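The chain contents come next:
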There are 2 protein chains.
Amino acid sequence: MNVSVRPSTTRVSGALKDIWRSDPFLIRARQLVDLTLPDLQSLRAVIEAEATVKRRRDLVLEGYECSKLYFIKEGFAARYKLLRNGKRQIVNFVLPGDIVGMPGSFLDRAANSVIAVSDMTLQICALEAFVGLCCRQPKFGLVLSWLAAQEAAHYAEHIIDVGRRTPVERLAHLLLEIHSRLALVGLADEFAFNLPFTQEMMSDALGLSVPHLNRTLAHLRAEGLIAINGRRVEILDRKALELLAHFQPIQSGRIPLSEALAVN
Amino acid sequence: MNVSVRPSTTRVSGALKDIWRSDPFLIRARQLVDLTLPDLQSLRAVIEAEATVKRRRDLVLEGYECSKLYFIKEGFAARYKLLRNGKRQIVNFVLPGDIVGMPGSFLDRAANSVIAVSDMTLQICALEAFVGLCCRQPKFGLVLSWLAAQEAAHYAEHIIDVGRRTPVERLAHLLLEIHSRLALVGLADEFAFNLPFTQEMMSDALGLSVPHLNRTLAHLRAEGLIAINGRRVEILDRKALELLAHFQPIQSGRIPLSEALAVN
DNA sequence: CATCCTTATTGATCCAGATTATAAAAATGA
DNA sequence: TCATTTTTATAATCTGGATCAATAAGGATG
């Protein structure tokens, strides 16, 4: 893999509060279960290194075996597949707080490649180490399941996008999805965000040609639903946009751990 | 929900061997981890009832909260979403051995509906009970993650189908996927299987119109790749079909439990 | 500051696949 | 058993979005 690895420096500097808030994976995990300080420590113990990956480098290559999990701290990536005829389909966009290697590492061989869309920093964890953690702290296995389910739910919406939504609807849906996922880890304002993807990437995600995606984007602007300056996207009429896109946010409830223990 | 429930009769009749082989969920779980007799028993303890659902009944309704897991023993279903304009997108087909409620129950409210495509029998398990089981036996939490990852991998292929594959390629891919998933739980011959879905369902899965799906099917037959009599599909030229579809089987490796314990 | 490369924008043509319509065959159920 | 509904099959028309092409506008790089 094209990464520069450096040993995991578990800096204990910085107030502890910051750690809970600044690590996007912790933010997402804590939406699902309560995490204690010991939990945090055993999670850290399992991280073997922190790495940086440069823009345009592949994080994962299709067809290769890979038994690592990458927790994305910063930066963006795209999971994609190249077809024989040269076409590319982007399966999903990877944002901070996501885990790369989730479907991939669980299979014999990765089913898709993942390319860094910006410079990234991520934490590496061996699959066996994480499985070990799950055995000691079943909580983490459940978090993994829940995150996988969230991801599946996003994939499902993507299938609907590409299968039955019109181009405008698809694009509106993509923008809303990205916005809500960024917001989940504190990377978006209420009505605006920085879109880290080019029109080409979005067209490859939505199964459209670049010119048509461009036209569709222009259409959304003309209708006054969004505004764009540079990378900044502003949502001008969220209600209309959501209606157009058939958008409903994907939010998972908490893992019913205490209830389970009560039953137990 | 439109099901007729009867209390779970844990019949201990029949040789034990049969149970391992006849329950499709056990078959799939055992592809991932070793299961002991006590494991089997604690799994059973968590099943609260067995139910039958009639053809065309909805198992899950979009937008409703639902905190049950359904382990499919027999029969087929389709996970779908209806759009405002009346179009339907089928997100995936549910086969014996699958768990329904996986993304659904983990979210606040189900994101799609699931309709029974044939009469079905399934086992019901409360989400909290299963979470409890995972706490006592972390193994099951991992199985859940792995199954979710497999499902996500299938969804990813489906996105590629609908986004960038041509109609023939899509259809070829769908047929191969169904065949391999059926084979996984012992419901298909090496080169033939019973297709439980109508052309309308397949067109709704692949984002095509019914007439065009029909033509495409005719095309595959004309090319001598498959043969169809009634519901029976025969794969005449598997190599060519796989090439056409860019098909690569999704098979997950085993969960590295022993390795994890060694590290531990 | 000049050049190169990536990204965005716009226009013209054309075809794959949707849509609509109709009929035959098969499954369902009363 | 026959009537009704589903499911398959096929043909004719029409259109949305791909494709091809060309340009403009940024951004990076030396």
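Colleague: Teacher, can you tell me more about the interface of chain B and chain A here?
Modeller: Frequently, the measure chosen for interface size is the accessible area that the parts lose on association. Each side of the interface is counted separately: chain B has 60 residues, and chain A has 61 residues. Contact between chain B and chain A buries roughly 5600 Å² in total, counting both sides, with carbon and sulfur atoms accounting for 68%. Of all residues in chain B, the largest losses of buried area upon contact with chain A belong to B:Phe106, B:Ile159 and B:Arg164, amounting jointly to 14% of the total for that side. Counting every contact that joins chain B to chain A gives four salt bridges. B:Lys81 serves as the salt-bridge partner of A:Glu157, at 2.8 Å between the closest nitrogen and oxygen. Listed by contribution, the elements that provide at least two residues to the side of chain B that touches chain A are strand 6 (88-94), helix 4 (102-106), helix 5 (127-136), helix 6 (138-164), helix 8 (199-206), helix 10 (238-245) and helix 11 (257-263) of chain B. When residues in the side of chain B that touches chain A are grouped by element, the largest group, 19 residues, is from helix 6 of chain B.

Colleague: What am I meant to see in the side chain of B:Asp58 here?
Modeller: Of note, B:Asp58 is situated in strand 3 (residues 58-60). A distance of 3.0 Å separates polar atoms of two side chains, one belonging to B:Asp58 and the other to B:Tyr80.

Colleague: In this structure, what is going on with the protein's contact with DNA strand D? I would like to understand it.
Modeller: Among the 16 residues in the neighbourhood of DNA strand D, the closest are listed as A:Lys87, A:Pro167, A:Ser209, A:His212 and B:Gln199. Sugar plus phosphate: this is where 76% of the atoms of DNA strand D within 4 Å of the protein reside. Separating a phosphate oxygen of DNA strand D from a side-chain N or O atom of B:Asn214 is a distance of 3.0 Å. Among the residues forming the surface near DNA strand D, the class breakdown is four nonpolar, six polar and six charged.

Colleague: Help me understand the domain arrangement of chain A in this model?
Modeller: Residues and elements named next belong to chain A. The domain boundaries assigned to chain A delineate domain 1 (3-151) and domain 2 (166-245). Taken together, the contacts link 15 residues of domain 1 with 14 residues of domain 2. With both chains or domains summed, domain 1 and domain 2 bury close to 1400 Å², and 67% of this area falls on carbon and sulfur atoms. At the boundary of domain 1 and domain 2, one finds two salt bridges.

Colleague: Whenever I open this one, the relation of the copies chain B and chain A confuses me. Can you help?
Modeller: Expressed as a screw operation, the relation of chain B to chain A combines 0.0 Å of axial shift with a rotation of 180°, fitting to an RMSD of 0.0 Å. Put plainly, the chains are arranged around a two-fold axis. Within chain B, B:Ser145 has its C-alpha nearest the rotation axis, a separation of 2.1 Å. Most of the interface of chain B is mirrored in chain A, where 100% of its interface residues are also at the interface.

Colleague: When you look at unusual backbone geometry in this model, what are you seeing that I'm missing?
Modeller: The phi angle of most residues is negative, glycine excepted, and most peptide bonds adopt the trans form. Unusually for a residue other than glycine, A:Arg56 sits at a positive phi of about 75°. By the secondary structure assignment, A:Arg56 is in the loop between strand 2 (47-53) and strand 3 (58-60).

Colleague: Quick question: what am I supposed to make of the packing of aromatic side chains here?
Modeller: To describe a pair of aromatic rings, you give the distance between the ring centres and the angle between the ring planes. Residue and element names in this part refer to chain A. Inspection of the entire model under this criterion finds eight aromatic pairs over all chains. Aromatic side chains Phe 76 and Phe 197 sit 6.0 Å apart centroid to centroid with 80° between the ring planes, which places their arrangement in the edge-to-face category. Of this pair, Phe 76 sits in the loop between strand 4 (68-74) and strand 5 (77-82) while Phe 197 sits in the loop between strand 10 (192-194) and helix 7 (199-206); the two residues are 121 residues apart in sequence, bridging distant segments of the chain. With respect to burial, Phe 76 and Phe 197 carry one shared label: buried. Three or more aromatic residues joined by ring pairs form one cluster here, namely Phe 25, Phe 71 and Phe 130. Across from the ring centre of Tyr 80, 5.9 Å away, lies the NZ or CZ of Arg 88, which sits over that ring.

Cut-offs used in this document
Each residue is numbered by its place in its chain's sequence as written, counting from 1. Chain labels run from A onward and ligand labels from 1 onward, assigned in the order the entries are written. In keeping with the model being predicted, local features are shown solely for residues with a pLDDT of at least 70 and side-chain atom pairs are shown and tallied solely at 80 or more, while totals for entire chains, interfaces and linings include all residues. Processing note: side-chain calculations cover all non-hydrogen atoms of the structure and skip hydrogens and water entirely. We call two residues contacting when some pair of their heavy atoms lies within 4.5 Å. Two parts placed together each lose some accessible area under a 1.4 Å probe, and adding up what both lose gives the buried area. A pair is scored as a salt bridge if a Lys or Arg side-chain nitrogen falls within 4 Å of a carboxyl oxygen belonging to Asp or Glu. Runs of E in the DSSP output that reach at least two residues are strands. Runs of H or I that reach at least four are helices, and both are numbered from the N terminus. Here a polar contact means two N or O atoms within 3.5 Å. Within protein one must be a hydrogen donor candidate and the other an acceptor candidate, and residues neighboring in sequence count only if both atoms are side-chain atoms. The criterion for a residue being near a molecule or strand is simple. One of its heavy atoms has to lie within 4 Å of it. Ten residues, namely Ala, Val, Leu, Ile, Met, Phe, Trp, Tyr, Cys and Pro, are considered nonpolar, four, namely Asp, Glu, Lys and Arg, are considered charged, and the remaining ones, Gly among them, are considered polar. Residue ranges for the domains originate in an automatic or database domain assignment. Copies are brought into register by a least-squares superposition over C-alpha atoms of residues with pLDDT of at least 70 in both. Between rings of Phe, Tyr and Trp, where Trp is taken as its six-membered ring, a pair exists when centres lie within 6.5 Å; planes separated by under 30 degrees are stacked, by over 60 edge-to-face, and by other angles tilted. Only protein chains enter the calculation, and the probe is 1.4 Å; a residue is then buried if its accessible area is under 20% of its type maximum, exposed if over 50%, and partly exposed in between. Whether a charge sits over a ring depends on NZ of Lys or CZ of Arg being within 6 Å of the ring centre and within 35 degrees of the ring normal.

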